[in-house]
Amino acid sequence: MSINKNTILCYRSYCLNVSQSFRRCGSNLRSEIGGKFGTSVQSYFVFLKWLLMFNVFSFLVNFGFITIPQLVYDFSPNVPNTTSFRGLEILTGAGYFNYTVMYYGSYSNETLEGAVDYKMQLGYFFTIAVYMVLCGIALIFSMASSFKANYVLADTTSGGAWQLLCSWDFSMTNERAVRQRKNNLRVHFTQINKTHLNGLFSLHEAETLLVPFMVSLMNMVVPLFFSLFNKFEHYSSQRRQIYVLVARNVLLRMCILGVLCYYWMNVVATEYSCWESVVGQALYRLVFVDFIFLLLGSFFGEFLSNVVGTRLLPRLGIPEFDVARNVLEIIYAQTLAWIGIYFSPLLPAIQILKFFILFYIKKVSLMQNCQPPRRTGRAAQMKTIFTALLFFPFFLGALAIVGYTAWSLTPSKHCGPFRGLDSTFSVVEVWMVQLNSTGGSEVVIFVYQNVIRSEIFYFLITIIILVIVYIFWQVSQGRKQLIVLLRQQIVNEGKDKSFLLEKLQNLQKSQPNIRSKNHKKVGIPSLLAMLARQQAQNEYDDGY
Amino acid sequence: MGNKQTTFTDEQLEAFQDCTFFTRKEIQRLHGRYRELAPHLVPLDYTNNPDIRIPLALIVTMPELKENPFRDRIVETFSEDGQGNLSFNDFVDMFSVLCEASPRELKTIYAFKIYDYNRDNFICKEDLQQTVVKLTKGELTAEEVTLVCEKAMEEADLDGDQKLAFADFENMISKAPDFLSNFHIRI
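Analysis parameters
- Residues numbered from 1 in each chain as written.
- Chains lettered and ligands numbered in written order.
- Predicted model: local features only at pLDDT ≥ 70, side-chain atom pairs only at ≥ 80, totals over all residues.
- Heavy atoms only, no water.
- Helix = DSSP H or I, 4+ residues; strand = E, 2+ residues; numbered from the N terminus.
- Buried < 20%, exposed > 50% of the residue type's maximum accessible area, 1.4 Å probe, protein only.
- Areas by Shrake-Rupley, 256 points an atom, 1.4 Å probe, with all protein chains shown as cover.
- Phe/Tyr/Trp six-rings, centres within 6.5 Å; stacked < 30°, edge-to-face > 60°.
- Lys NZ or Arg CZ within 6 Å of the ring centre and 35° of its normal.
- UniProt positions renumbered as here; feature names shortened; annotations may be inferred.
- Salt bridge = Lys/Arg side-chain N within 4 Å of Asp/Glu carboxyl O.
- Disulfide = S-S within 2.5 Å.
- pLDDT = per-residue confidence, 0-100.
- Polar contact = N/O pair within 3.5 Å; in protein donor to acceptor, adjacent residues only side chain to side chain.
- Contact = heavy atoms within 4.5 Å.
- Core = buried A, V, L, I, M, F, W, Y, C linked by side-chain atoms within 4.5 Å.
- Expected span 1.5 Å × (residues − 1).
- Arc of directions from axis to C-beta.

Trainee: It is not clear to me how the overall build of chain B should be interpreted in this structure. Could you clarify?
Mentor: Looking only at helices and strands, chain B features eleven helices and zero strands. Ordered by position from the N terminus, the helices and strands of chain B form the series α-α-α-α-α-α-α-α-α-α-α. With 187 residues in all, chain B has 48% of them scored as buried. On chain B, roughly 9300 Å² of surface is accessible, and the fraction owed to carbon and sulfur atoms is 51%.

Trainee: I'm lost on the packing of aromatic side chains in this one. Help?
Mentor: A ring pair, where both rings are aromatic, is described by two values, the distance of the centres and the angle of the planes. For the structure shown, the criterion picks out 42 aromatic pairs over all chains. Relative to F54 of chain A, the ring of W50 of chain A lies with its centre 5.1 Å away and its plane at 75°, an arrangement referred to as edge-to-face. Here W50 of chain A and its partner F54 of chain A are both found in helix α2 (residues 39–73), four residues apart, which amounts to about one turn of the helix. Classification of F54 of chain A by relative accessible area gives buried; the value is 8%. Pairing F78 of chain B with Y110 of chain B gives two aromatic rings, centres 4.6 Å apart and planes at 15°, and the pair type is stacked. Here F78 of chain B, found in helix α5 (residues 71–78), pairs with Y110 of chain B, found in helix α7 (residues 104–115); they are 32 residues apart in sequence, far enough to count as distant. Taken together, the ring pairs in this structure connect Y104, Y107, Y124, W275, Y342, F343 and F418 of chain A into an aromatic cluster. Its end group placed over the ring of Y110 of chain B, K113 of chain B keeps NZ or CZ at 4.9 Å from the ring centre.

Trainee: Could you clarify how one ought to interpret unusual backbone geometry in this entry?
Mentor: Across the chain, the bulk of peptide bonds are trans and the bulk of non-glycine residues have phi less than zero. All names here are of chain B. Of note in the backbone geometry, N49 takes a positive phi value of approximately 50° without being a glycine. Among the secondary structure elements, N49 is positioned in the loop between α2 (24–37) and α3 (56–59). The residue R119 is not glycine, and still its phi comes out positive at about 55°.

Trainee: Looking at this structure, I do not really get the UniProt feature "domain: EF-hand" (unreviewed entry) in chain B. What am I missing?
Mentor: The feature "domain: EF-hand" (unreviewed entry), as annotated in UniProt, sits at residues 103–138 and 144–179 of chain B in this numbering. Annotated as residues 144–179 of chain B, this span is 67% helix and 0% strand, and its ends, taken at the C-alpha atoms, are 24 Å apart.

Trainee: How should the pattern of salt bridges be read in this particular structure?
Mentor: Pairing is possible between side chains of opposite charge, provided their charged atoms come close. All names here are of chain B. Under the counting rule described, the total for this entry stands at 13 salt bridges over all chains. A salt bridge links E76 to R73, with the shortest nitrogen-to-oxygen separation between them at 3.0 Å. Of the two residues, E76 and R73 are both situated in helix α5; the distance of three residues between them amounts to about one turn of the helix. R73 matches E76 in its accessibility class, with the two residues each being buried. The salt bridge partner of R119 is E76, with a shortest N-O separation of 3.5 Å. Within this pair, whereas R119 is found in the loop between α7 and α8 (125–136), its partner E76 is found in helix α5, the two being separated by 43 residues in sequence. Salt bridges linked by common partners bring D10, E14 and R24 together as one network.

Trainee: What should I look at first to understand the state of the cysteines in this one?
Mentor: Residues and elements named next belong to chain A. On inspection of all chains with the given rule, the structure shows one disulfide over all chains. Note on cysteine connectivity: C274 is disulfide-linked to C415, with sulfurs 1.8 Å apart. Its S-S torsion of about 110° marks the bond between C274 and C415 as right-handed, since a negative value means left-handed. Residue C274 is found in the loop between α9 (238–271) and α10 (275–312), and its partner C415 is found in the loop between α13 (379–408) and α14 (426–438); the two are separated by 141 residues along the sequence.

Trainee: Explain the confidence of the model for chain B to me, please; I cannot follow it from the model alone.
Mentor: Low-pLDDT stretches of the model should not have their predicted coordinates read in fine detail. Of all residues in chain B, 95% attain a pLDDT of 70 or more, and the chain-wide mean is 84. In the predicted assembly, ipTM is 0.72 and pTM is 0.68.

Trainee: Any chance you could explain the environment of Q17 of chain B here in plain terms?
Mentor: All names here are of chain B. Here Q17 shows up in helix α1 (residues 10–19). Since its relative accessible area comes to 32%, Q17 is described here as partly exposed. For the pair formed by Q17 and I27, sequence separation is ten residues and the distance between their alpha carbons is 8.1 Å. Engagement of the side chain of Q17 in a polar contact is seen with the side chain of R24, the distance being 3.2 Å.

Trainee: When you look at the side chain of S142 of chain A in this model, what are you seeing that I'm missing?
Mentor: When you line up the elements, S142 of chain A lands in helix α4 (residues 120–149). Residues within four places of S142 of chain A in sequence aside, it is in contact with W50, K383 and T387 of chain A.

Trainee: Any chance you could explain the nonpolar core here in plain terms?
Mentor: The nonpolar side chains of a soluble globular protein tend to be buried with one another. Among the nonpolar cores identified, the biggest contains 89 residues, and Y44, W264 and W338 of chain A are the most heavily contacted of them. Filtering out sequence-adjacent residues up to four positions away, W264 of chain A remains in contact with A269, V279, A282, L283 and L286 of chain A. Counting 54 residues, the second-largest nonpolar core is a separate cluster that includes I52, L65, I74 and L128 of chain B.

Trainee: Looking at this structure, I do not really get helix α9 (residues 142–156) of chain B. What am I missing?
Mentor: Three- or four-residue spacings in an α-helix give side chains the same orientation, since the helix completes a turn every 3.6 residues. Residue and element names in this part refer to chain B. Across its 15 residues, α9 extends 21 Å between first and last C-alpha, which sits within 8% of the 21 Å expected from 1.5 Å per residue. All of the buried residues along α9 are V145, C149, A152, M153, E155 and A156. Around the axis of α9, the buried residues are gathered within 160° of arc, so they sit on the same side. Turned more than 90 degrees from where α9 packs its buried face, E143, L147 and E154 sit exposed.

Here is the structure:
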């Protein structure tokens, strides 16, 4: 008995120690980065960690609900004898990997017998669908909560002079960082290194790497042109300049992704036999090459800039950590992973590795090479902006692509869990028919027939939501007007106060013997009330 | 459990936990930091509440405060005598208000006290000027400082009495959401 109690106590104290050390590790990280570089750089690393959590959850869900049943059912991949594992698959994603559970094509479409009858089709469909919905909800909640916490009344009086008083970052402790806060030089790096493919590749395999290479190259070079144009253009405010730059970068990446998706949906889907796996491989290559370019970008953008800035051209100075560009890069990387989940269920594993390595590389590069950004403001609003950027163009875009694929495109006939069906979504129809015929759960059938399939339901829901949005909008407009009125009232009260104080002084001057000998202090409010009553009395008398 | 010297009684630790945003371990760690500043002055055993105060000059040598332009004002605000001599209670209070868990209202109250240099419960133009000078460390000329202060006063002063009462200050702080994350010292 006593041994058990001791073990429990030991275990509990061990868990406490572990969790405390994790907390201290996290807080050490934050105090290291936040203390030296300020809260806006810290928000980048916090954001990266948050996105990593999405991928960990996705990997666990996909692996648990899709891959493990497939592995239990059929452990060995059906690899034809001609292909074997050569290390190059890590770069191209094709070859040996094509036949493993990495891609859509290797999943069966049957009901897997075992301890439980597991319908692979439904499992695949609902796992992906539920994950996307949960992601969407998590993003919406995060956006709403950070917006609520950081909501600023859009007001002309929140000007620049006052921001000065609120902008000092009390948690900065590094002397160099504090001094360099006023440093306002930046280094633009314009050289790009090209990777050479060595002759071990066949030409066809080298060609498949060309598209991701060009995509990443464009993503790296074109923003530099945008920054260049930005210098020559005139803007009314600094904030507008940054917004335009960010908007251009976002549009660039969305256009590139749009073109790629158009190609995959319209050309690849009709030409290849197991087209989902092909798209999955293309996405794998994009993710991988993007990772290589991120590392190279960190090397050249930060390390070499530092060397150039300190040794060769001291005029340029130490490079800054460009938070906006880095955040956009990881948002883009996450979008690729979101699009790829449907075609390659184990892509989140690659993404986890990528973000993990990127976190530590960026942290080391930051400590060694960079100085804090000179514009230290607006860190709280940045989190809202990052999440909004993540959600609106990128997540919704990825959701639209996956939705379009599931709804309109014909799954390939010879591979994957949806082979033989007209569209992925018809999996649910088939299931409903089965439930109907075997007399299954009536609630589910009822919900499906009358709620999901009926148009009236969506029409009613849309009307109700529009009405609610309109009501809330009117309420907030009314409150804005109330705020204006109340502010005017405060100004008027101030004027009244000074007017009455003046009157009081005049009164005291004209009747000095009212003051008592022991200088009893009369409360100002009661005096004001007395004067106001006298004033009102005078007006009343005048009126008559 | 070994030869552990008790710094605080259980009731003292309970009281600290109730009045501040720190846990017991953090309080003991803070005591370690407090003692580091003046080991000959601060006893290890606090069970009988000794009345020890560490002077301002030693407190501002702490790495968390060393680089902060407002360090003198912060320490003065939290000291009972107004001269910057902190007892351990004041020390813990200071870091408790400045920690992450502390609510916005509390931080606003103390920020107002910190910026109010002449302690007349109003932030007047001279207070603003001193703040601006401290933040920019002599990079602005006197006219620029005056201009900035006038503009800030214009923006914030609602009732036109040329000084900021706590309500004005609170109103302006509510429009700057960064304030909560910036006004925080990690220990």
